[in-house]
Amino acid sequence: MHILRRSGGHALALTAGLFLAASTSFAAAAEPEQVTIRFLASQGGLAAHELADALGYFNGTGITLKNVGYAQGGPASLFALASGDVELGSAATAAVLNSVASGNDFIAAYASNGINKTTESIFYTLDESPIHSIKDLAGKTIAVNTLGAHLDYTVREALHSVGLPENAAKLVVVPGPQLEQVLRSKQVDISAFGYWQKTFEGAALKNGPLQKVFGDTDVLGEIAGGFVVLRRDWIKEHPQAAKVFVEKSEAALEYARLHPEETKAVIAKVLASRGENADIAQYFTGYGVREGGKAVTRDLQFWIDILARGGVLQPGQLKAEDILYNPANFAVAN
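Every residue gets a number counted from 1 within its own chain, in the order that chain's sequence is written. Residue-level local features of this predicted model are given only where pLDDT is at least 70; pairs of side-chain atoms are given and counted only at 80 or more, and the full residue set underlies all totals for whole chains, interfaces and linings. Note that water and hydrogens are dropped before the side-chain values are worked out from all heavy atoms of the structure.

S.K.: Could you clarify how one ought to interpret the pairing of strand β5 (residues 122-126) in this entry?
M.R.: Successive residues of a regular strand alternate their side chains across the two faces of the sheet. Only protein chains enter the area calculation, which uses a 1.4 Å probe; residues under 20% of their type maximum are buried, those over 50% are exposed, and those in between are partly exposed. Each helix corresponds to a stretch of at least 4 residues labelled H or I by DSSP, and each strand to a stretch of at least 2 residues labelled E; elements are numbered beginning at the N terminus. Across the 5 residues of β5, 5 count as buried, placing the element largely inside the fold. Sheet topology places β5 next to strand β8 (residues 190-193); 3 bridges connect them, and they run antiparallel. Residue pairing for β8: F123 is matched across the bridge by A192. Strands qualify as paired when DSSP identifies two bridges or more between them. Sheet topology places β5 next to strand β9 (residues 210-215); 5 bridges connect them, and they run antiparallel. Counterpart to I122 in the pairing with β9 is G215.

S.K.: Got a minute to help me understand the layout of surface pockets in this structure?
M.R.: Grid spacing is 1 Å over the protein atoms alone, the probe is 1.4 Å, and a cavity is where that probe fits but cannot get out, while a pocket is an open set with protein on both sides within 12 Å along at least five of seven lines and lining residues have an atom within 4 Å of a point. Grid points are joined across faces, edges and corners, and a volume is the space filled by probe spheres set on the points. The volume enclosed by the largest pocket comes to roughly 620 Å³. S42, Q43, S90, N113 and W196 are the residues nearest the centre of the largest pocket, which is lined by 40 residues in total. Where the lining of the largest pocket is concerned, the elements lending two or more residues are β1 (35-41), α2 (48-54), α3 (74-83), β3 (88-92), β4 (106-115) and α7 (198-206). Considering every element that reaches the lining of the largest pocket, the biggest residue donor is β3, with 5 residues. For this scheme, ten residues count as nonpolar: Ala, Val, Leu, Ile, Met, Phe, Trp, Tyr, Cys and Pro. Four count as charged, namely Asp, Glu, Lys and Arg, and the remainder, Gly too, count as polar. Broken down by class, the residue content of the lining of the largest pocket amounts to 17 nonpolar, 21 polar and 2 charged.

S.K.: For this particular structure, what's the right way to read the sheet that holds strand β7 (residues 170-173)?
M.R.: The strands making up a sheet associate through backbone hydrogen bonding, with each pair oriented either parallel or antiparallel. In spatial order, the strands read β7-β6-β8-β5-β9; together these 5 strands make up an open sheet with mixed pairing. Looking at strand neighbours, the two that pair on one side only are β7 and β9, the edges of this open sheet. In this sheet, neighbouring strand axes are inclined to one another by 30° on average, regardless of whether the strands run parallel or antiparallel. Note on contacts: a residue pair is in contact if any heavy atoms of the two residues lie within 4.5 Å. Note on method: axes are straight lines fitted to C-alpha atoms, helices fitted across the in-contact stretch only, with angles between N-to-C directions ranging 0 to 180 degrees. Most of the contacts of helix α5 (residues 150-161) go to β5, to which it runs at about 80°, and overall it touches β5, β6 (141-144), β7, β8 and β9. Here α7 sits on the sheet and contacts β5, β8 and β9; the angle it forms with β5, its principal contact strand, is near 25°.

S.K.: Help me understand the packing of helix α4 (residues 93-101) against helix α12 (residues 297-309), please; the structure alone is not making it clear to me.
M.R.: In a packed pair of helices, the relevant descriptors are the angle between the two axes and the axis-to-axis distance. The contact between α4 and α12 brings their axes to 9 Å, and the two run at 65°. With respect to each other, α4 and α12 are oriented roughly perpendicular. When you trace α4 past α12, the crossing you get is right-handed. Contacts from T93, A94, L97 and N98 in α4 reach D299, L300, W303, I304 and L307 in α12. For the contact of α4 with α12, a count of residues per class yields 6 nonpolar, 2 polar and 1 charged. The scheme is simple: roughly parallel for angles under 35 degrees, roughly antiparallel for over 145, roughly perpendicular for 65 to 115, oblique for anything else. Handedness of each helix crossing follows the sense of rotation of the near helix against the far helix: counterclockwise by less than a right angle gives left-handed, clockwise gives right-handed.

S.K.: Would you mind going over the pattern of salt bridges with me for this structure?
M.R.: Side chains that differ in sign of charge can pair as their charged atoms come close. We define a salt bridge as a contact between a side-chain nitrogen of Lys or Arg and a carboxyl oxygen of Asp or Glu at a distance within 4 Å. In total, this model carries 17 salt bridges according to the counting rule given. Here R309 ties to E166 by a salt bridge, and the two come within 3.5 Å at their closest N and O atoms. Residue R309 is located in helix α12, and its partner E166 is located in the loop between α5 and β7; the two are separated by 143 residues in the primary sequence. Here R309 falls in the partly exposed class, since its relative accessible area comes to 40%. Classification of E166 as partly exposed rests on a relative accessible area of 35%.

S.K.: Whenever I open this one, unusual backbone geometry confuses me. Can you help?
M.R.: Leaving glycine aside, a negative phi is the common case for residues, and trans is the common case for peptide bonds. One non-glycine residue with positive phi stands out, namely E128, at about 70°. With respect to the helices and strands, E128 occurs in the loop between β5 and β6. Take E128: its relative accessible area is 72%, and that puts it in the exposed class. Positive phi values are uncommon outside glycine, yet K186 reaches one of about 60°. Among the structural elements, K186 can be located in the loop between α6 (179-184) and β8.

Distances and angles like these do not, on their own, reveal function.
Pasting the structure below:
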């Protein structure tokens, strides 16, 4: 009996030890990977992943966001991503597709912004200007934040829609904070305030009326305007972190839709911390994406078809489902 008791005690101790070891091993396995995601910010606004970070959505996930500067526009952001200077980029859909077609193996992670009835890019001229419609754009000078991105391709599609050559208007690059200034000083005929620049637009309208020529929804309908982009090899290396990053960013998009006033307060706080004008946060009108922040195939396919029509892409060269992020495509095998 004594021997049996000792044997049983040893068995219990062994079992407890094994359980403790298993628990420790499980805890270690459950510990999230520590990943730093570098990115370039945009003046006057906050990307959804920045909002998610400010709301604490990445706490305990192992993900750390690091702002390493500003991007003048989407193409510059994609260039930084391709060169490995950052882990994510953000650009208009057409710019993303052009970059992929050029050989960059990028994945459209989540829709950064979109256009709808309340959030759209608007092309303004001075009040009482003779420019009233898309047909009046021929020969005019239009200020946009960058070339080769959303506003550039929106102008091309607008001109095409009324039978004008896609290069009938002249585009000049002007940073967002100066769009109102160059328009009111008549250095340009039209200033285009992108859907992501509603804060600058609101501030401009507060200073006096401007005349709307058209909005991008008039040409494109309701659609995602751009995407936050990750490299495919990075997602493969960090599949769980990528999944969490996208889910939390989409959750922030939904938070902004449901809590617009609270979102404005967060944006103001972050802009102030970056030394920017926090007052313009009051003009934020939302991210313009669908409920839940989810992108759909049309968001990419619409532009794929347009680029193919213009000869930039070959028919069938790109497929939306190959570019749009799907966590199932990067699932870790058990």
